[in-house]
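Survey of secondary and tertiary structure
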Amino acid sequence: MGNRGMEELIPLVNRLQDAVSTIGQSCSLHLPHIAVVGGQSAGKSSVMENFVGRDFLPRGSGLVTRRPLILQLMSASTEYCEFLHRKGKKFTDFNEVRQEIEAETQRLTGSNKGISPVPISLRVYSPHVLNLTLVDLPGITKVPVGDQPADIEYQVRDMIMQFICNDNCLILAVTPANTDLANSDALKLAKDVDPQGQRTIGVITKLDLMDEGTDARNILENRLLPLRRGYIGVVNRSQKDIDGKKDMKAARLAEKTFILSHPAYRHMAESMGTLHLQRVLNQQLTNHIRDTLPAFRSQLQGQLLALDKEARVYREQSPDDPTHKTKALLQLIQRFAVDFEKVIEGSGDKVDTMELSGGAKINRIFHERFPYELVKIEFDERELRREITYAIKNIHGIRTGLFTPDLAFEAIVKRHIVMLKEPCINCVDMVVQELITTVCQCTNKLSSFPKLREETERIVTTAIQEQESKCKDQVLLLIDIQLSYINTNHEDFIGFTNAQQNNHSNKKTAPRMTGNQGVPPPSSRIVIRKGWLTISNISIIKGGAKEYWFILTAESLSWYRDDEEKEKKYMLPLDNLKLRDVEKGFMSSKYSFAIFNTELRNVYKDYRFLELASDSQEELDNWKASLLRAGVYPEKVPVAGEGSGAPESFSSDPQLERQVETIRNLVDSYMNIIYQSVRDLMPKTIMHFMISNVKEFIGSELLAHIYALGERSVLMDESPEQEKRREEVLSKHTALKEALAIIGDISTSTCSTPLPPPVDSSWIQSCR
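Here the structure is a predicted model, which is why all the values come from computation and not from measurement. (Residues numbered from 1 in each chain as written. Predicted model: local features only at pLDDT ≥ 70, side-chain atom pairs only at ≥ 80, totals over all residues. Heavy atoms only, no water.)

Our next topic: the pattern of salt bridges. Note that side chains of opposite charge can pair when their charged atoms are close. All told, the structure shown has 31 salt bridges when counted by the stated rule. As a salt-bridge pair, E49 and R237 come within 3.5 Å of each other at their nearest N and O atoms. Of this pair, E49 sits in helix α2 (residues 44-52) while R237 is found in the loop between β8 (231-233) and α7 (239-243), placing the two residues 188 residues apart along the sequence. You'll find E49 and R237 in the same group, each marked buried. (Salt bridge = Lys/Arg side-chain N within 4 Å of Asp/Glu carboxyl O. Helix = DSSP H or I, 4+ residues; strand = E, 2+ residues; numbered from the N terminus. Buried < 20%, exposed > 50% of the residue type's maximum accessible area, 1.4 Å probe, protein only.)

The next point concerns the packing of helix α14 (residues 421-442) against helix α15 (residues 450-484). For the pair α14 and α15, the least separation of the axes is 10 Å and the interaxial angle reads 165°. By the angle between their directions, the pair α14 and α15 is classed as roughly antiparallel. α15 is crossed by α14, and the crossing has right-handed handedness. On α15, the residues touching K421, C424, I425, V428, D429, V432, L435, I436, V439 and C440 of α14 are R453, E457, V460, T461, I464, E468, C471, K472, V475, L476, I479 and D480. A per-class count over the contact of α14 with α15 returns 14 nonpolar, 1 polar and 7 charged. (Axes fitted to C-alpha atoms, helices over the stretch in contact; angles between N-to-C directions. Parallel < 35°, antiparallel > 145°, perpendicular 65-115°, else oblique. Left-handed = near helix turned anticlockwise from the far one by under 90°. Contact = heavy atoms within 4.5 Å. Nonpolar A, V, L, I, M, F, W, Y, C, P; charged D, E, K, R; others polar.)

The next point concerns empty space enclosed by the protein. On inspection of all chains with the given rule, the structure shows 2 cavities of 30 Å³ or more. In this structure, the second largest cavity is lined by N50, V235, N236, R237, A251, R252, E255 and T274. With 3 residues, helix α8 (residues 248-261) is the single largest residue contributor to the lining of the second largest cavity. Its residues assigned to classes, the lining of the second largest cavity shows 2 nonpolar, 3 polar and 3 charged. (1 Å grid on protein atoms, 1.4 Å probe; cavity = no way out; pocket = protein on both sides within 12 Å on 5 of 7 lines; lining within 4 Å. Points joined across faces, edges and corners; volume = space filled by probe spheres on them.)

Right, let's talk about the environment of N394 for a bit. Among the secondary structure elements, N394 is positioned in helix α12 (residues 381-396). Sequence-wise, N394 and A408 are 14 residues apart; in three dimensions their C-alpha atoms are separated by 8.9 Å.

Note that an α-helix has 3.6 residues per turn; residues three or four places apart therefore point the same way. Its 13 residues give helix α17 (residues 617-629) an end-to-end C-alpha distance of 19 Å, which sits within 8% of 18 Å, the value for a rise of 1.5 Å per residue. Along α17, the residues that are buried comprise L620, D621, N622, W623, K624, A625, S626, L627 and L628. A positive phi of about 95° marks G631, the residue just after α17. (Expected span 1.5 Å × (residues − 1).)

This brings us to the packing of aromatic side chains. Taken as a whole and judged by the stated rule, the model has 10 aromatic pairs. With centroids separated by 6.4 Å and ring planes inclined at 15°, the aromatic side chains of Y604 and Y607 adopt a geometry described as stacked. Every member of this aromatic cluster is reached through a ring pair, and the members are F550, W559, Y570, Y604 and Y607. In this arrangement the basic side chain of K90 is found over the ring face of Y80, its NZ or CZ atom lying 4.6 Å from the centre. Lying across the ring of F596, R580 places its NZ or CZ 4.1 Å from the centre. (Phe/Tyr/Trp six-rings, centres within 6.5 Å; stacked < 30°, edge-to-face > 60°. Lys NZ or Arg CZ within 6 Å of the ring centre and 35° of its normal.)

Moving on to the sheet that holds strand β3 (residues 80-83). An order of β3-β4-β2-β5-β1-β6-β7-β8 is seen for the 8 strands of this open sheet, with the pairing classed as mixed. Of all strands in the sheet, those bounded by a partner on one side alone are β3 and β8. Geometrically, the sheet is characterised by an average inter-axis angle of 25° between neighbouring strands, direction not taken into account. On the sheet, α2 packs against β1 (33-38), β2 (69-75), β4 (120-126), β5 (132-136), β6 (169-176) and β7 (200-205) and is oriented at approximately 155° with respect to β5. Contacts from helix α5 (residues 185-193) reach β1, β6, β7 and β8, with the element oriented near 155° to β6. (Pairing = 2+ DSSP bridges.)

In this section: the sheet that holds strand β16 (residues 633-634). Spatially, β12-β11-β10-β9-β15-β14-β13-β16 is the arrangement adopted by the 8 strands of the open sheet, whose pairing is mixed. Of all the strands in the sheet, just β12 (568-573) and β16 have a single pairing partner and so form its edges. Relative to strand β10 (residues 546-553), strand β9 (residues 527-535) runs antiparallel, the two being bridged by 8 bridges. By the bridge assignment, L533 is partnered in β10 with Y548. Its contacts with the sheet put α17 on β9, β10, β11 (556-560), β13 (577-582), β14 (591-597), β15 (609-614) and β16, and the angle it makes with β9 is roughly 130°.

Most of β6 sits inside the fold, with 8 of its 8 residues counted as buried. Burial of β6 is two-sided: the residues C169, I171, A173 and T175 facing one way and the residues L170, L172, V174 and P176 facing the other way are all buried. As paired elements, β1 and β6 share 6 bridges and run parallel to each other. Across the sheet, residue A35 finds its bridge partner in β6, namely I171. Bridge count between β6 and β7: 6 bridges; the pairing is parallel. In the sheet register, V174 faces β7, and the bridge partner there is V203. The handedness of the β6 to β7 crossover, carried by α5, is right-handed. (Right-handed = clockwise from strand over helix to strand, strands pointing away.)

Along the chain, the position of L181 falls in the loop between β6 and α5. The spatial distance from the C-alpha of L181 to the C-alpha of I219 is 9.0 Å, given a sequence separation of 38 residues.

So, about the confidence of the model for the protein. Residue-level pLDDT values for the protein average 79, and 80% of them are 70 or greater. A low-confidence stretch, residues 1-6 (pLDDT under 50), is modelled with 16 contacts involving residues beyond four sequence positions or located in other chains. When the criterion is pLDDT under 50, residues 507-516 qualifies, and its contacts beyond four places in sequence or with other chains add up to 18 contacts. (pLDDT = per-residue confidence, 0-100.)

Let's shift gears to helix α13 (residues 406-418). Counted at 1.5 Å a residue, the expected span for α13 with its 13 residues is 18 Å, and the 19 Å between its end C-alpha atoms agrees. Among all positions of α13, only A408, F409, I412, V413, H416 and I417 are buried. For α13, the buried positions fall inside an angular range of 165° around the axis, keeping them on one side. (Arc of directions from axis to C-beta.)

Their axes nearest at 12 Å, the elements helix α10 (residues 322-345) and α15 cross at an angle of 45°. Of the possible angle classes, the one that applies to α10 and α15 is oblique. Between α10 and α15 the crossing geometry is right-handed. Where α10 abuts α15, its residues L329, L332, I333 and F336 lie against L452, T456 and V460. Residue composition of the contact of α10 with α15, by class: 6 nonpolar, 1 polar and no charged.

Mapped onto the elements, T443 comes out in the loop between α14 and α15. Polar contacts involving the side chain of T443 include one to the main-chain carbonyl oxygen of C440, which spans 2.9 Å. The contacts of T443, once residues within four sequence positions are left out, are F336, R453, T456 and E457. (Polar contact = N/O pair within 3.5 Å; in protein donor to acceptor, adjacent residues only side chain to side chain.)

Okay, unusual backbone geometry next. Positive phi outside glycine occurs at N576, with the angle close to 60°. Classification of N576 as partly exposed rests on a relative accessible area of 36%. For L600, which is not glycine, the phi torsion reads 65° and is therefore positive. Tracing the backbone shows L600 in the loop between β14 and β15.

And the structure:
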């Protein structure tokens, strides 16, 4: 038996196997075992049947073993078998065992010689065996047979590698004596994963089938083609013996007779044969288990420690305890309120480094997106002058007016103030959407309780929508207040006198940039924005579309080769630049806009416009808003039919033209005041009516609304995923504790056989 004090190691490892098998694949524990590797018809199955002393493995030509078979041999007083997939059923007829293996193999692989890495676990209890754990793997094949895939060789090799790559696996490399050992596929695979030979044991089969006058003495004595753990020779039953149902006892007697009668082997008869191989494997597996126990124990302890906290929480918090449910509900709602406030105020524990969210995104809406929405309503100069002309003429009626009518100024201003309603409402909508997104983000921690999460999102979203309605009413009220009284005494208003004085100077200067909308120009040295953009309208001949690192300031747009900002490619001044939208191409995944010069000059080299693309619509809008801050405004999109036909001319009346110019200056001055006021009041209004009220509702009223539902027990029902997670964690934790207790029962105080010294195994050619 080898080490008497260690003889219970293998049964204990089998108990470990049973303990961790309840965990499933979520527990990555590799228990010590022996993997049997060899080519087709190398005699692997015969070796394993000789260990058991029974015929129980499927036989045939080609690839017979198509699923790994984990064979646990257990010394016992009675003889029977058990399958892990047929728990509770004892097999005493070994023909039924063979049929069950064949049926279970075909259940996953079919009858077309396909393979599967899912193992079949078989435990054999018998008084004729020593404790061993072996894994019978598919034979190494080269040529596909039948409906097998063309890459069957690689599939088999990968499956074998999954087992023998594990450091806790001993490799039993089976090679027929009547083949060239130097070209053994089993030894080549073993050499790939065990180059030092610490885990490889050689088995030479079919000694009785060698050519007359040849023998394997030098190999078995480990003098020719040596292995560190050496070789053991065995004689299996021939195909004729198998077909003739030759008894295992008779086969073992024939093996012993052959070895004792052969002049090359009789002197080493004690170190050959199936019984000796079984004893050696028992001893070496036992020693291997002993050597790997410390690392295995550490692995178990590490996994147990990782699960301790979660398992303790699950055990302390019974899902059926009403007290626990009430306490958990209170804690979850309080944590949700804290998380929401942190995301909005920007003091969260976890800072998102990938994108803006919560308060930061709302801040960008206030100071970049909303001003950009205002710019979108930029007025066409020609259309504006036409409106002023009609207003003046209609006010004068049949008479010819000598003075500029202030009613025309008010009519035009009020019409333009009304146009502010749409961008203001859009701003509220964007903030509402971000608040709802933030709520959903904060309720992720309630995912274990889907009903509670659903009700929380519903209640808070309803509150947001109620505040949205109040906020929009207030926003419209602000616009109506501006409409109710046109304050021409405002300190920033230029007045009629200054407007008339500006008429002459405006004619000599460049056309005014209408629609400035009160956007303050930033300092020329301040970097407004940095980021990646793709220049997409460069021809393929000149390199095609390419991504660059862009830097936008108040005076220029520069781009570099990368974000290290060392190699500048170009610097584009922003003077006389505007931007226009570019339709997304059918095959393009990017969103684009173009920059062009209003004086029809080339923007970049010989290109009239520069087409820039980003990966998302949000990023595109942010770049547009940043360009707006730098003074690059959107192009006015002409309305269909605009500019067609002969334009009306009012140059015949110089007095009317002076009146139009005066009112134009007055409108421009007053609207800048309105824009500044709206840009200042909109964030304050939204903050008061929306964000502050929603935070207060979540902090003080949400819990009361939850309790008012009267379904606390239903709200705190765990999701199926959470129930499954609870069961998995508790089951795994219990199994790990049981496994550690089993290891604690093992005494490692006895000595083991030392590993033989290294040998030169360079004769084995690597499979790589």
